[in-house]
Amino acid sequence: TATMRLLLILSALLGACLGLETFEGHQVLRINPKDEEQLGQLQFLESLEHLELDFWISPSAPALPVDVRIPAGSLQSVKAFLESQGIGYSILIEDLQDVLDKEKQDMAESAQRERSASFDFGSYHTLDDIYGELDHLASEHSFVEKIQIGESYEKRPLYALKFSTGGSARPAIWLDAGIHSREWVTQASALWIANQIASSYGTDSFVTSLLDKMDLFLLPVANPDGFVYTHTSNRMWRKTRSKNPGSVCFGVDPNRNWDAGFGGCPLLAPPGPGASNKPCSDSYHGPSANSEVEVRSVADFIKNHGNFKAFLTLHSYSQLLMYPYGYKCTRPNDYAELESLGRAAANAIKSVYGTTFQVGPICTTI
Amino acid sequence: DIKDVGHKYHLELELEDELDKDSTVNCTAEVLYHLGNKNVAPDVQFTLEGELKSTEEADHVFYTRIRSLEKELEAENIPDSHGHVPPELQPLHLLAWAASGFLVWQNSTENTQLQLAQVKRVKQVRRSDKYLQFDFQVLLHEMVSQEIIPWEMTVLWHPRDGVQVTRESRQPGHSSG
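What you are looking at is a predicted structure, and each value in this text was computed from that prediction instead of being measured.

1. Notes on the pattern of salt bridges
- Within the structure shown, the criterion is met by 23 salt bridges over all chains.
- Here R30 of chain A makes a salt bridge to E74 of chain B, at a shortest N to O gap of 4.0 Å. Of this pair, R30 of chain A sits in strand β1 (residues 27–32) while E74 of chain B is found in strand β4 (residues 74–78), placing the two residues in two different chains.
- A relative accessible area of 14% places R30 of chain A in the buried class.
- Residue class for E74 of chain B comes out partly exposed when judged on its relative accessible area of 35%.
- In this structure, K21 of chain B engages E16 of chain B in a salt bridge whose closest nitrogen and oxygen atoms are separated by 3.7 Å.
- K21 of chain B sits in the partly exposed class, given a relative accessible area of 46%.

In structure tokens, the structure reads:
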């Protein structure tokens, strides 16, 4: 009925305002075009952007079915259209949200089964769970403290762990992960590393001597907005979730947003630049250096601290161990040391399970 | 550098069996990237130095299993968000991997590095002839631009004939929610 439709539209709008993508009332239809003419009708339907149809299988040949997700608000119009054209269809999914709710439930149940008394560092977690574990690690170890270095675009806290056994502004090491939100193994690795280091202080001689002299700052989720988005909406999301004025596309690639050779020379010969000036690109560098609050917070923190000696950042996939520079191909001053350190690290990794990491400057390695 | 033609690369590769990491075969290849027209796939010539392991038995098991399904096979998100592939879907994942190799070859230039990221959807289409047909929606990851590109492909397979991609079309836009 018209009232139903109005309610559905309003609830969809409300959901959109709250930043939720909900699929309540969305149906997935399987449409069976019987000839080229009907195929043409479906291609016409596909072009009507206001209906916001999401074709899971696009119309391409009469022999093949067309699967399309139809938002609640467009259902009546689409079905009426199909029926008036004599185009056969069946309902694959009555209510998509039901299916997604069940999927979530299944995930929660299996997570529940995996969980014993302690956090499973070997599996993926939501942002809330990760932040909860940061609190837990800080409470378990006197030399571990949870600090906030800023806020994301969508106002989520940027939490880092500070490992310090004393002193005052000791020389420090920085480690961050998840700057590209879809690289889930990095956030998980950072947490694993945090737990490993916290647990081995006092028993492992290397960790103990390191933390007795230096501080470690670990930011496990450098891009929390993107990370939440990969859980709720799009597993493949990489960038931040900032709004780009004048564009339908969101987000900036935070790892192209640093104030070092910003928006500068392409890594490779055309047509593949290292950073893009187009907001819809997954490697969009943003309107200006440090435009992203997530990036600015890290840069400011490190500059204000003043005594950082090493900076490590985790990405996936590829198994590459790289050092400067990315935006130019000249060798850094410490090239010899970085190369030999990289080789030593790669050998150490290889000695555990045989995993190979390729070592070299960013410019020539990636 | 071949004047007015393109760039030729001579490669020496070691192929490793996905399912048996100790099993390797050496291979030499020549790849010619054509100048100018970027819509032409690079020429590839290769020589295997040795033999690939026989997969006859596993092929037969998979073929028979799919042929005897009452309802056409359908699946989504292989691997899932956590990187898991259920055991019964592993052969299909391998098939997608092989077939997407064709997409990668057809769409590669010296400045791209394409790889299958995920099978978004796969649907079996029943056929009256001997072939198995699967309609895939895959996501390819392009390393240089970092874009995730949705792509559709129709794949035919039979134990003796191997993999064929009979239809492929790059989808507009980005992979969306």
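From this point, the discussion proceeds with the structure in view.
2. Quick notes on the domain arrangement of chain A
- Taken as a whole, chain A is organised into domain 1 (27–98), domain 2 (121–317) and domain 3 (319–365).
- The C-alpha-based centres of domain 2 of chain A and domain 3 of chain A are spaced at 20 Å.

3. Description of the packing of aromatic side chains
Residue and element names in this part refer to chain A.
- Per the counting criterion, the structure on display carries 22 aromatic pairs over all chains.
- Ring plane angle 75° and centroid distance 6.0 Å describe the contact between W174 and F308, whose orientation is recorded as edge-to-face. Separated by 134 residues along the polypeptide, W174 in strand β7 (residues 172–176) and F308 in strand β9 (residues 308–313) bring together distant segments of the chain.
- Assessed through its relative accessible area of 0%, W174 is described here as buried.
- The class for F308 is buried, based on a relative accessible area of 17%.
- One aromatic cluster in this structure is built from W174, F217, W258, F301, F308 and F311.
- Sitting above the plane of the W184 ring, R235 keeps its charged end 3.7 Å from the centroid.

4. Comments concerning helix α2 (residues 36–47) of chain A
All names here are of chain A.
- Between its terminal C-alpha atoms α2 stretches 17 Å, which fits the 16 Å expected from 12 residues at 1.5 Å a residue.
- Looking only at α2, the buried set comprises Q38, L39, Q41, L42 and L45. Relative to the axis of α2, the buried residues are bounded by an arc of 155° and lie together on one face. The exposed set on the far side of α2, more than 90 degrees from its buried face, consists of E36 and E37.

5. Details of the state of the cysteines
All names here are of chain A.
- Under the definition given, this model contains two disulfides over all chains.
- Across the disulfide, C249 is cross-linked to C280 (sulfur-sulfur distance 2.0 Å). Between C249 and C280, the S-S dihedral sits near 90°, and the bridge is therefore right-handed. Linking C249 in the loop between α8 (224–232) and α9 (293–305) with C280 in the loop between α8 and α9, this pair joins segments that are 31 residues apart in sequence.
- The residue that forms a disulfide with C329 is C363, at a sulfur-sulfur distance of 1.7 Å. Where C329 bonds to C363 through sulfur, the torsion about that S-S bond is close to 75°, and the disulfide is right-handed. Here the residue C329 occupies a position in the loop between β10 (320–323) and α10 (335–353), and C363 occupies one in helix α11 (residues 362–365), the gap between them amounting to 34 residues.
- Assessed through its relative accessible area of 58%, C329 is described here as exposed.
- Counting only the cysteines that form disulfides, in the order they appear in chain A, gives the pairing 1-2, 3-4.

Quick notes on the rules
Residues numbered from 1 in each chain as written. Chains lettered and ligands numbered in written order. Predicted model: local features only at pLDDT ≥ 70, side-chain atom pairs only at ≥ 80, totals over all residues. Heavy atoms only, no water. Salt bridge = Lys/Arg side-chain N within 4 Å of Asp/Glu carboxyl O. Helix = DSSP H or I, 4+ residues; strand = E, 2+ residues; numbered from the N terminus. Buried < 20%, exposed > 50% of the residue type's maximum accessible area, 1.4 Å probe, protein only. Domains from an automatic or database assignment. Phe/Tyr/Trp six-rings, centres within 6.5 Å; stacked < 30°, edge-to-face > 60°. Lys NZ or Arg CZ within 6 Å of the ring centre and 35° of its normal. Expected span 1.5 Å × (residues − 1). Arc of directions from axis to C-beta. Disulfide = S-S within 2.5 Å.

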